[in-house]
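# Overview (structure and organization)
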Number of protein chains: 2
Amino acid sequence: MRHITFLLFIILFTATTSCTDTEMQEVRNQFPSLEYSIAIHGGAGVMSRDMPVETREAYIRSLTEALTIGRDMLAEGASSLDAIETVIRFMEDDPLFNAGRGAVLTNTGTAELDASVMDGRDLSAGAIAGVKTVKNPISLARHVMENSRHILFAGDGAEHYADEAGVERVENSYFITDNRRRQLERAIERDEVRFDHSGSSAAGDFPDSDNDRFGTVGVVALDRDGNLAAGTSTGGMTNKRFGRVGDSPIIGAGTYADNRTCAISGTGTGEQFIRNAVAYQISAIMEYTGASLQEAAEIVVHEKLNEGDGGIIGVGSDGSIAMVFNTPGMYRGAANSEGLFDVRIWD
Amino acid sequence: MRHITFLLFIILFTATTSCTDTEMQEVRNQFPSLEYSIAIHGGAGVMSRDMPVETREAYIRSLTEALTIGRDMLAEGASSLDAIETVIRFMEDDPLFNAGRGAVLTNTGTAELDASVMDGRDLSAGAIAGVKTVKNPISLARHVMENSRHILFAGDGAEHYADEAGVERVENSYFITDNRRRQLERAIERDEVRFDHSGSSAAGDFPDSDNDRFGTVGVVALDRDGNLAAGTSTGGMTNKRFGRVGDSPIIGAGTYADNRTCAISGTGTGEQFIRNAVAYQISAIMEYTGASLQEAAEIVVHEKLNEGDGGIIGVGSDGSIAMVFNTPGMYRGAANSEGLFDVRIWD
């Protein structure tokens, strides 16, 4: 009986393995000569399809501009690190997104920003949590990665680090928009913690719904030298408690990059991303089972996370792109050296 | 040609799979009826074998007492969570270890403490980083896990959280011992960042060496109900920069627990543990390849980390125990329901 079970196990395992192998071959054949690839996100959540046309167009326009910046840099031979930093800075500066200017507010009415970046060449990484005066948190995270022996600085320590790093500083009021202030007031009235931003409410002229939530921006890229990089930047959740650290500054949770597998940036319920080590888990599945990026991302987003938790974008070492989410929508875009250029909000 | 390659691949894969399967069976057969298991560590590093007898005995005595507390609790049917919290509190209170009282000092001369805890039943987790007035950081981490919607609070936010949680508070001076103050002065003179504690210097009468470093305490356990839990607590590194967050409060890096696989606590160069997602990676290897705890831990500690980075303790869902390190020594102990009771410093 044990022998039969064992035989069945081998047959089943072999079948599964050969299937995966074939599928991987297919994915690679689809992109025989990808020289570069890039994917971006501006948050996942319940974005109503009844969103006003001007709101939708504002997002599409901004995502298109962000993706164009990154795509053009990569086409011209820029490193994936330079490309993701530049694109994330653009999105941080755009008040549409819950990162940098336009970030949501904590329960004390301030903007506290998190960001992280990882270099797939050597797994070097940098991250900051809870900064209040750094105009572009992603650039400070990169400074930590490239100039510090450490990976993560939090709170006052991150501000001190910024003093020495010489990055551009602003008053906390720079980050705060009228829409975010109203969003906080409504959240406090309801005594709820709202995750990240909602696309619709951020545009100001569309009412909040209890469902439209989540935010964060992230970019992943493969450059012409075959190097992967990932970065994520966020203002966290509306009405979050002072000092709460989500997944965005946690290497392995919200951000991961390894040249041998993939580069990942996530967006959604940070706690779920932390306890499931979402970004790293996708890389681990690829490394240890030989699964494709798409297969690995689907396992984590659809089988490990709960419905509504959020989504990820990823670029594989072969240039393949995955954009997987379990929310109704995710602001996102993807481009590559084969002419792909696609910006979407819903399925 | 492709068919032959494919056939070879199947044969090879089948062989590998059956081998792993057999090995796992062996590990289980070694421990046919483990009702509970516990492992503890008090830091890994270069502990000189010339350590004075009284220093060595102090560590062995403290580790033995800590292990006895945990073993007895588990024998009496306590939950793994209660056992790990109680043992870590004991180690936090003992100035021998770099956690709680006796923690090393930052470059500003204060103690900043980190801790995390994870429940293998449902992947719930809690962590705090950079608290300065919480007597037992592990208990605050557990409070976050059980009473908050969040996982990680850092810096001032963690202090605010402690205000509401009602945990025992102390002046920062409570944590500071004369030995740690002298250790900091020496480190500042040398302008070096020293990781965690060294067993020898902590005992006060043995000179620091550039090599004896690393610290942190951690406990992992399997209880009679089959539930795994892991916890880690640390003062970080001597002369570390204010606000630096290491791996100990990062779920997936320094701590992980999943009833389906294992419970892990790590100690060593925090940045290396973060970028390799060490604790979670061991769980992932078990989950996705069927490797045993020992096999998975050896892959991560010996193949992913660099020599000298540190070590881990782990308990598997079958009660197996792994204690793997790439430093000359690790303060550690292991006990189980079959009568194992072992405390060691070196190989």
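Residues numbered from 1 in each chain as written. Chains lettered and ligands numbered in written order. Predicted model: local features only at pLDDT ≥ 70, side-chain atom pairs only at ≥ 80, totals over all residues. Heavy atoms only, no water.

Attention now moves to the overall build of chain A. Counting secondary structure elements, chain A contains ten helices and 13 strands. Scored against the burial criterion, the 347 residues of chain A give a buried share of 64%. Counting only contacts in chain A whose residues sit at least 6 apart along the sequence, the fraction spanning at least 24 positions is 69%. Accessible surface, chain A: about 12,200 Å² in total, of which carbon and sulfur atoms supply 49%. (Helix = DSSP H or I, 4+ residues; strand = E, 2+ residues; numbered from the N terminus. Buried < 20%, exposed > 50% of the residue type's maximum accessible area, 1.4 Å probe, protein only. Contact = heavy atoms within 4.5 Å. Areas by Shrake-Rupley, 256 points an atom, 1.4 Å probe, with all protein chains shown as cover.)

Once that is clear, we can look at the nonpolar core. In this structure, I282 and I312 of chain A together with I282 and I312 of chain B are the most contacted members of the largest nonpolar core, which totals 96 residues. Beyond its immediate stretch of four places on either side in the chain, I282 of chain A contacts C262, I264, L293, A296, A297, V300 and I312 of chain A. (Core = buried A, V, L, I, M, F, W, Y, C linked by side-chain atoms within 4.5 Å.)

Two measures define how a pair of helices packs: the angle their axes make with one another and the distance between the axes. Residue and element names in this part refer to chain B. Interhelical geometry of helix α9 (residues 278-289) versus helix α10 (residues 293-304) gives an angle of 135° and a closest axis separation of 8 Å. In terms of axis orientation, α9 runs oblique to α10. At the point where α9 passes α10, the crossing takes the right-handed sense. Judged by residue contacts, V278, Q281, I282, I285 and M286 of α9 engage L293, A296, A297, I299, V300 and K304 from α10. Looking at the contact of α9 with α10, its residues break down into nine nonpolar, one polar and one charged. (Axes fitted to C-alpha atoms, helices over the stretch in contact; angles between N-to-C directions. Parallel < 35°, antiparallel > 145°, perpendicular 65-115°, else oblique. Left-handed = near helix turned anticlockwise from the far one by under 90°. Nonpolar A, V, L, I, M, F, W, Y, C, P; charged D, E, K, R; others polar.)

On to the sheet that holds strand β12 (residues 329-336) of chain A. The sheet built from nine strands is open, its strands ordered β13(A)-β12(A)-β1(A)-β5(A)-β6(A)-β2(A)-β3(A)-β4(A)-β7(B) with mixed pairing. Strands at the two margins of the open sheet, each flanked by one partner only, are β13 (341-346) of chain A together with β7 (244-245) of chain B. Judged from the two bridges that link them, strand β4 (residues 152-154) of chain A and β7 of chain B form a sheet pairing that is antiparallel. Opposite L152 of chain A, over in β7 of chain B, you have V245 of chain B as the bridge partner. Against the sheet, helix α2 (residues 53-75) of chain A makes contact with β1 (37-45), β5 (217-222), β12 and β13 of chain A, and its axis sits at roughly 150° relative to β13 of chain A, the strand it touches most. (Pairing = 2+ DSSP bridges.)

Right, let's get into the sheet that holds strand β2 (residues 113-119) of chain B. Sheet architecture is open: nine strands sit in the order β7(A)-β4(B)-β3(B)-β2(B)-β6(B)-β5(B)-β1(B)-β12(B)-β13(B), paired in mixed fashion. Looking at which strands have only one partner, the edges of the open sheet turn out to be β7 (244-245) of chain A together with β13 (341-344) of chain B. Direction of pairing for strand β1 (residues 37-45) of chain B relative to strand β12 (residues 329-336) of chain B: antiparallel, over a ladder of seven bridges. Its bridge partner being in β12 of chain B, A39 of chain B is matched across the sheet by A334 of chain B. Sheet strands in contact with helix α4 (residues 137-147) of chain B are β2, β3 (124-131), β4 (152-154) and β6 (228-234) of chain B, and its direction is about 135° off that of β3 of chain B. Of the strands in this sheet, β3 and β4 of chain B touch helix α5 (residues 156-165) of chain B, which is tilted by about 110° from β4 of chain B.

Moving on, we come to the packing of aromatic side chains. Aromatic ring pairs are reported here in terms of the distance separating the ring centres and the angle at which the planes meet. This model, assessed by the stated rule, comprises eleven aromatic pairs over all chains. Consider the rings of Y174 of chain A and F175 of chain A, whose centres lie 5.2 Å apart with planes at 75°: the pair is edge-to-face. Through a chain of ring-to-ring contacts, three or more aromatic side chains come together here, namely Y256 and Y280 of chain A together with Y256 and Y280 of chain B. Here the guanidinium or amino end of R101 of chain A rests over the ring plane of Y174 of chain A, the centre of that ring lying 5.8 Å away. (Phe/Tyr/Trp six-rings, centres within 6.5 Å; stacked < 30°, edge-to-face > 60°. Lys NZ or Arg CZ within 6 Å of the ring centre and 35° of its normal.)

Moving on, we come to helix α5 (residues 156-165) of chain A. All names here are of chain A. Of all the residues in α5, the buried ones are G157, A158, E159, Y161, A162 and A165. In this structure, the buried side of α5 is in contact with β3 (124-131), α4 (137-147) and β4. Positive backbone phi, approximately 75°, marks G166, located one or two places after α5.

Residues and elements named next belong to chain B. Here α9 is twelve residues long and its end C-alpha atoms lie 16 Å apart, about the 16 Å a rise of 1.5 Å per residue gives. With respect to burial, α9 is a largely interior element, ten of its twelve residues being buried. Following α9 by one or two positions, G290 adopts a phi angle in the positive range, close to 80°. (Expected span 1.5 Å × (residues − 1).)

Attention shifts here to the side chain of S320 of chain B. All names here are of chain B. With respect to the element layout, S320 can be found in the loop between β10 (310-316) and β11 (321-325). What makes S320 buried here is its relative accessible area of 7%. Within the local environment of S320, its side chain forms a polar contact with the side chain of D318, the two groups lying 2.7 Å apart. (Polar contact = N/O pair within 3.5 Å; in protein donor to acceptor, adjacent residues only side chain to side chain.)

Looking now at the pairing of β3 of chain B. On a regular strand, each side chain points to the face opposite its neighbour's, so the side chains alternate between the two faces of the sheet. All names here are of chain B. Most of β3 is tucked away, with eight of its eight residues classed as buried. Here β2 folds back onto β3, and the loop between the two strands holds four residues, one of which, L123, carries a positive phi near 60°. Relative to β4, β3 runs parallel, the two sharing three bridges. In the strand pairing of β4, I128 is matched with F153. Following the chain from β3 across α4 to the adjacent parallel β4, one finds a crossover that is left-handed. (Right-handed = clockwise from strand over helix to strand, strands pointing away.)

Our focus in this paragraph is unusual backbone geometry. Most peptide bonds take the trans form, and the phi angle of most residues other than glycine is negative. Residues and elements named next belong to chain A. Positive phi, normally seen in glycine, also occurs at A277, with a value near 40°. If you trace the backbone, A277 turns up in the loop between α8 (270-275) and α9 (278-289). The class for A277 is buried, based on a relative accessible area of 4%.

All names here are of chain A. Remark: α4 packs on α5, axes separated minimally by 11 Å, with the N-to-C direction vectors making an angle of 75°. The orientation of α4 with respect to α5, classified from their angle, is roughly perpendicular. Residues L140, H143, V144 and N147 of α4 pack against A158, Y161, A162 and A165 of α5. Among the residues forming the contact of α4 with α5, the class breakdown is six nonpolar, two polar and no charged.

To continue, consider the pairing of strand β11 (residues 321-325) of chain A. All names here are of chain A. When strand β10 (residues 310-316) meets β11, the two strands line up antiparallel, connected through five bridges. What sits directly across from G314, in β11, is A322. Adjacent in sequence and paired antiparallel, β10 and β11 are bridged by four residues, among which G319 carries a positive phi angle near 90°.

Another aspect to go through is the environment of E338 of chain A. All names here are of chain A. As for its position among the elements, E338 is in the loop between β12 and β13. Residue classification places E338 among the partly exposed positions, given a relative accessible area of 47%. Note: C-alpha distance between E338 and N326 (twelve residues apart in sequence) is 28 Å.

Looking now at the environment of D347 of chain B. Residues and elements named next belong to chain B. Assignment of secondary structure puts D347 in the segment after β13. Between the C-alpha atom of D347 and that of G329, which follows or precedes it by 18 residues, the distance is 6.5 Å. Look past the residues within four positions of D347 in its chain and what remains in contact with it is R49, F325, P328 and R332.

The next point concerns the confidence of the model for chain A. Close inspection of predicted coordinates is inappropriate in any region flagged by low pLDDT. Residues and elements named next belong to chain A. Of all residues in chain A, 84% have pLDDT values of 70 or greater, and the mean over the chain is 87. Predicted confidence for residues 5-29 stays below pLDDT 50, and this span has 24 contacts to residues more than four positions away or in other chains. For this predicted complex, the interface score ipTM comes out at 0.87, while the overall pTM is 0.88. (pLDDT = per-residue confidence, 0-100.)

The next subject is the side chain of Q281 of chain B. With respect to the helices and strands, Q281 of chain B occurs in helix α9. In this view, Q281 of chain B contacts Y280 and Y288 of chain A together with N276, V300 and K304 of chain B; residues no more than four positions away in its chain are not counted.

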